[in-house]
Amino acid sequence: MNPYASFTIVIFAAALSSVSSFVNPATTSSRVTTHLNLENHIADMIDSEVKRLQNIAGWRREQTEKLKKGRDPSIPAGFDFNSVSDFTPNAGAAQKIQMRKDKRMARDDPARYCADRCVATGNCEIWEEMFEMAADEVQAFCTGCVLSEEEEPCDVPEKFMENAGKDSWELLRP
């Protein structure tokens, strides 16, 4: 027999025994574990879909009941309607909005206020209240001083002069 053959068998046997000595016998199972990490609302959604698929007839019955319940006209307990006028637009609201716009225009651009409101429409309420003047006095001031293209000095009413040093927004506060 070949002297090297017995040596080869010994080395082969040693190799087999050493390979099995490094393998953990507990991990030799071939089953792979899978973890599914879902948020709670996603898991609830999947569960409800599974329940729906298992009992479609019951789910349809629940849906029709829910729709019928939503269609029933009902007034909440203790809810009283005062009158129909509570649900119609307020007539005074438009006037308040226009008054606010006029105050802003009189403050920011007095020449435009004179031209658009006082001279064109005769509505000079803002300056009438602010300077305690009559409508004809305000219109005379607008045409003679503010809208005049003449270089000559005009007669400024005393109320305008009293408030000359104040900021315009201080004069127009409600």
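The structure presented is a predicted model; accordingly, all values stated were derived computationally and were not measured.

**With respect to the overall build of the protein**
Scanning the protein for helices and strands turns up nine helices and zero strands. When its helices and strands are written in sequence order, the protein yields α-α-α-α-α-α-α-α-α. Evaluated residue by residue, the protein yields a buried proportion of 12% over its 174 residues. For the protein, restricting intrachain contacts to residue pairs at least 6 apart in sequence, the fraction spanning at least 24 positions comes to 40%. Put simply, the protein shows about 14,900 Å² of open surface, and 55% of that area lies on carbon and sulfur atoms.

**Re the packing of aromatic side chains**
One pass over the structure, following the stated rule, counts two aromatic pairs. Centre to centre, the rings of Y113 and W127 are 5.3 Å apart; their planes meet at 55°, and the pair counts as tilted. Of this pair, Y113 sits in helix α5 (residues 110–121) while W127 is found in helix α6 (residues 125–131), placing the two residues 14 residues apart along the sequence. Overall, the relative accessible area of 0% leaves Y113 in the buried class. Residues W127 and F141 carry aromatic rings whose centres are separated by 6.2 Å and whose planes lie at 55° to one another, so their mutual orientation is tilted. Taken as a pair, W127 in helix α6 and F141 in helix α7 (residues 135–146) lie far apart in primary sequence, 14 residues in all.

**Quick word on the state of the cysteines**
A full pass over the atoms with the stated rule returns two disulfides. Paired by a disulfide, C114 and C142 hold their sulfur atoms 2.1 Å apart. On the sign convention where negative is left-handed, the bridge of C114 and C142, at about -60° about the S-S bond, is left-handed. Of the two residues, C114 is situated in helix α5 and C142 in helix α7; the sequence distance between them amounts to 28 residues. Given a relative accessible area of 0%, C142 falls into the buried group. Between the sulfur atoms of C118 and its disulfide mate C124 the distance is 2.4 Å. For C124, a relative accessible area of 1% puts it in the buried group.

**A short note on the pattern of salt bridges**
Applying the stated criterion across every chain yields a total of four salt bridges. For the salt bridge of D102 with R117, the shortest nitrogen-to-oxygen distance reads 2.4 Å. Of this pair, D102 sits in helix α4 (residues 91–108) while R117 sits in helix α5; the two residues are 15 residues apart in sequence, bridging distant segments of the chain. There is no split in this pair, since D102 and R117 are both buried. Between R107 and D108 there is a salt bridge; the shortest N-O distance is 3.1 Å. The class for R107 is partly exposed, based on a relative accessible area of 32%.

Reading guide: rules and limits
- Residues numbered from 1 in each chain as written.
- Predicted model: local features only at pLDDT ≥ 70, side-chain atom pairs only at ≥ 80, totals over all residues.
- Heavy atoms only, no water.
- Helix = DSSP H or I, 4+ residues; strand = E, 2+ residues; numbered from the N terminus.
- Buried < 20%, exposed > 50% of the residue type's maximum accessible area, 1.4 Å probe, protein only.
- Contact = heavy atoms within 4.5 Å.
- Areas by Shrake-Rupley, 256 points an atom, 1.4 Å probe, with all protein chains shown as cover.
- Phe/Tyr/Trp six-rings, centres within 6.5 Å; stacked < 30°, edge-to-face > 60°.
- Disulfide = S-S within 2.5 Å.
- Salt bridge = Lys/Arg side-chain N within 4 Å of Asp/Glu carboxyl O.

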